[in-house]
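Examination of the molecular architecture
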2 protein chains.
Amino acid sequence: MKCSAPTTTRGRPREFDPEEALTAALRVFWQRGYEGASMAELTEAMGITKPSLYACFGNKEALFKKALDLYERDKLAYVGKALEAATARGVAERLLEGAITTHCGGSDPHGCLGVMSTVTCTMEDPSIRNFVTERRIATEEALIERFERGKTEGDLPDTVDPRCLAQCLTTVLQGMSVKAQGGSCAQELKGVVDTYLTMWPGR
Amino acid sequence: MKCSAPTTTRGRPREFDPEEALTAALRVFWQRGYEGASMAELTEAMGITKPSLYACFGNKEALFKKALDLYERDKLAYVGKALEAATARGVAERLLEGAITTHCGGSDPHGCLGVMSTVTCTMEDPSIRNFVTERRIATEEALIERFERGKTEGDLPDTVDPRCLAQCLTTVLQGMSVKAQGGSCAQELKGVVDTYLTMWPGR
DNA sequence: CTACCTATATACCGACCGGTATGAAATGTT
DNA sequence: AACATTTCATACCGGTCGGTATATAGGTAG
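From a predicted model like this one, the values you see are computed outputs, not experimental measurements.

**Points about the overall build of chain A**
- Tallying secondary structure elements over chain A gives 10 helices and zero strands in all.
- Starting at the N terminus and walking to the C terminus, you meet the elements of chain A as α-α-α-α-α-α-α-α-α-α.
- Along the three orthogonal principal directions, the C-alpha set of chain A runs to about 65 × 35 × 30 Å.
- Looking at chain A as a whole, 52% of its 203 residues qualify as buried.
- Surface summary for chain A: the accessible area is close to 9,500 Å², and the carbon and sulfur share equals 51%.
- The positive charge centre, built from 25 side chains, and the negative charge centre, built from 28, are 4 Å apart in chain A.

Here it is, written out as structure tokens:
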């Protein structure tokens, strides 16, 4: 990978920090979407010129994938933590509250980059679409397995299908992202979460 | 409005049907989004040339608004019908099932044009964003009022807030649109709907 | 028929798109 | 000092974007 710092630095040293630049790029993609983010806007936010960007990150598509990686690692870390909750209900609570703070929080753009990409990249070239879809399916499968475990542990009634319950929860989470992007405030989403958790079956 | 047929037809008659053309434009917007739909693609799908489009519909933004009007009138007619159900649960059932057939149905593009526009037009000029937001809020308010009525009629427990319940339901509906656009099939959404309706409070 | 009006088709506009060629500047190596 | 290597800054590439000027074709009104 070209953007990783080689052990022996030959040639003119790079004048910017790739991680900082990638963080800036992530923010642009986050609020403009993949197509909506222009190279001009990206380079300006990253504080570098286009040739530097292409030399370090490849092209727009590769930059987006790296930004999405960073996004999942930093902003979606709460998902992994949520799966470690003691009960199925605890998992749902942590996911829903994490979604509020992450997608409706302080200085970051509202809404989920993954959801946004799912919606906008329906017709994009398959490379980037598959990249987004894989991540989504992976976390959903992890959630299903967690609820299957919860069912064996008595967290969920025998009547509920763990797969359907997991998909219902992700549906709510994705809907919350839409609402956040549409301008809903954290308080409004809090009401949705509380209502949904009241309806939640089991412990 | 220029595209309405005047009673006395002077000048060369138009060679296309504006409603048919608008239907074709709606389909393009539906699967490409507002920004993703190019004028070239639109004119080709509509079977007319660019000057004809501009003369009849104004510009891209005006065309999109007219298409969104048509969309709500034709494809979202089930929403108005759903509000006429006898009970709050009946309303939810009709909305959720209508969402499946509409957003995951046969020949039409998957997903909801309104949700898609909400997500993609976050940064668009305010004119089109407000246009989308107004529609969304209007239907949400109607749903809230319907659930408030349902609560007085005993459809809902005293413990639930009709506003929060309505917003929770719209969250699920919007999430279903995301899932449909992401490739989920009707059967998968059916599982979500069934699970959610099982959790539904009251009749 | 002539005058007038409107829709059509073609070609074009400046602006922006993602991406790159080019040459100078800055380092390590010899 | 001379060279190899890498980054930087500038200017530029063909293509597409939304939108339009222009001229012609097809109608009604008189």
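**Notes on the protein's contact with DNA strand D**
- Not every one of the 23 residues close to DNA strand D is listed here, only the nearest: Arg10 and Glu15 of chain A together with Met39, Lys50 and Lys60 of chain B.
- Sugar plus phosphate, as a fraction of atoms of DNA strand D within 4 Å of the protein: 69%.
- Here Ala37 of chain B contributes a backbone N or O atom positioned 3.2 Å from a phosphate oxygen of DNA strand D.
- At 3.5 Å, a side-chain N or O of Ser38 of chain B approaches a phosphate oxygen of DNA strand D.
- The set of elements that each furnish at least two residues to the surface near DNA strand D consists of helix H3 (50-57) of chain A together with helix H3 (50-57) of chain B.
- When residues in the surface near DNA strand D are grouped by element, the largest group, three residues, is from H3 of chain B.

**With respect to the interface of chain A and chain B**
- Chain A puts 34 residues into the contact, and the matching count from chain B is 34 residues.
- Between chain A and chain B, roughly 3,000 Å² of surface is buried when both sides are summed, and carbon and sulfur atoms account for 68% of that area.
- Salt-bridge contacts for Lys179 of chain B lead to Glu140 of chain A; the nearest nitrogen and oxygen are separated by 3.1 Å.
- Our enumeration of links across chain A and chain B arrives at eight residue pairs in polar contact (both at pLDDT 80 or more).
- Only helix H1 (18-32), helix H7 (113-120), helix H8 (126-152), helix H9 (162-181) and helix H10 (186-199) of chain A provide two or more residues apiece to the side of chain A that touches chain B.
- If you tally residues by element for the side of chain A that touches chain B, the top one is H9 of chain A, at 13 residues.

**A short note on H3 of chain A**
All names here are of chain A.
- Among the residues of H3, Leu53, Cys56 and Phe57 are the ones counted as buried. Buried residues along H3 cover an arc of 80° about the axis, so they all sit on one side.
- The inward-facing, buried residues of H3 contact H1, helix H2 (39-46) and helix H4 (60-74).

**Things to note about empty space enclosed by the protein**
Residue and element names in this part refer to chain A.
- Going through the model one piece at a time under the given rule, you end up with one cavity of 30 Å³ or more.
- When its volume is computed, the largest cavity comes out at roughly 470 Å³.
- Considering the residues around the largest cavity, the lining is formed by 24 residues, among which Leu76, Cys112, Arg136, Thr139 and Gln174 are closest to the centre.
- Secondary-structure elements contributing two or more residues to the lining of the largest cavity are H4, helix H5 (77-82), helix H6 (88-103), H7, H8 and H9.
- If one sorts the elements of the lining of the largest cavity by residue count, H8 sits on top with six residues.
- Counted by class, the lining of the largest cavity contains 13 nonpolar, seven polar and four charged residues.

**Notes on the domain arrangement of chain A**
All names here are of chain A.
- Per the domain assignment, the segments making up chain A are domain 1 (18-67) and domain 2 (75-199).
- When each unit is reduced to the centre of its C-alpha atoms, the spacing between domain 1 and domain 2 is 26 Å.
- Taking both sides of the interface into account, the surface hidden between domain 1 and domain 2 amounts to around 1,400 Å²; carbon and sulfur atoms contribute 67%.
- By the criterion of area lost to domain 2, the three top residues of domain 1 are Trp30, Phe64 and Lys65, representing 51% of everything that side buries.
- Counting across the interface, domain 1 meets domain 2 through one salt bridge.
- One salt bridge in this structure joins Arg27 and Asp108, with 3.1 Å as the shortest N-O distance.
- At the level of elements, H1 and H4 are the ones that each hand at least two residues to the side of domain 1 that touches domain 2.
- Across the side of domain 1 that touches domain 2, the residue classes tally to five nonpolar, two polar and five charged.

**Focus: the protein's contact with DNA strand C**
- Around DNA strand C sit 23 residues in total, of which Met39, Lys50, Tyr54 and Lys60 of chain A together with Glu15 of chain B are the nearest.
- Considering DNA strand C, the proportion of its atoms within 4 Å of the protein that are sugar or phosphate atoms stands at 69%.
- Residue Ser38 of chain A places a side-chain N or O atom 3.3 Å away from a phosphate oxygen belonging to DNA strand C.
- Met39 of chain A is positioned with one of its backbone polar atoms (N or O) 2.7 Å from a phosphate oxygen of DNA strand C.

**Some remarks on the layout of surface pockets**
Residues and elements named next belong to chain B.
- Quantified by volume, the largest pocket comes out at close to 480 Å³.
- The wall of the largest pocket is formed by 23 residues, among which Leu76, Val79, Cys112, Thr139 and Gln174 lie closest to the centre.
- For the lining of the largest pocket, the secondary structure elements donating two or more residues are helix H4 (60-74), helix H5 (77-82), helix H6 (88-103), helix H7 (113-120), helix H8 (126-152) and helix H9 (162-181).
- The greatest single-element share of the lining of the largest pocket, amounting to six residues, is contributed by H8.
- Residue classes in the lining of the largest pocket are distributed as 12 nonpolar, seven polar and four charged.

Each value, and the rule that gives it
- Residues numbered from 1 in each chain as written.
- Chains lettered and ligands numbered in written order.
- Predicted model: local features only at pLDDT ≥ 70, side-chain atom pairs only at ≥ 80, totals over all residues.
- Heavy atoms only, no water.
- Helix = DSSP H or I, 4+ residues; strand = E, 2+ residues; numbered from the N terminus.
- Buried < 20%, exposed > 50% of the residue type's maximum accessible area, 1.4 Å probe, protein only.
- Areas by Shrake-Rupley, 256 points an atom, 1.4 Å probe, with all protein chains shown as cover.
- Lys, Arg positive; Asp, Glu negative; His and termini not counted.
- Charge placed at Lys NZ, Arg CZ, Asp CG, Glu CD.
- Near = heavy atom within 4 Å.
- Polar contact = N/O pair within 3.5 Å; in protein donor to acceptor, adjacent residues only side chain to side chain.
- Contact = heavy atoms within 4.5 Å.
- Buried area = accessible area lost by both parts, 1.4 Å probe.
- Salt bridge = Lys/Arg side-chain N within 4 Å of Asp/Glu carboxyl O.
- Arc of directions from axis to C-beta.
- 1 Å grid on protein atoms, 1.4 Å probe; cavity = no way out; pocket = protein on both sides within 12 Å on 5 of 7 lines; lining within 4 Å.
- Points joined across faces, edges and corners; volume = space filled by probe spheres on them.
- Nonpolar A, V, L, I, M, F, W, Y, C, P; charged D, E, K, R; others polar.
- Domains from an automatic or database assignment.

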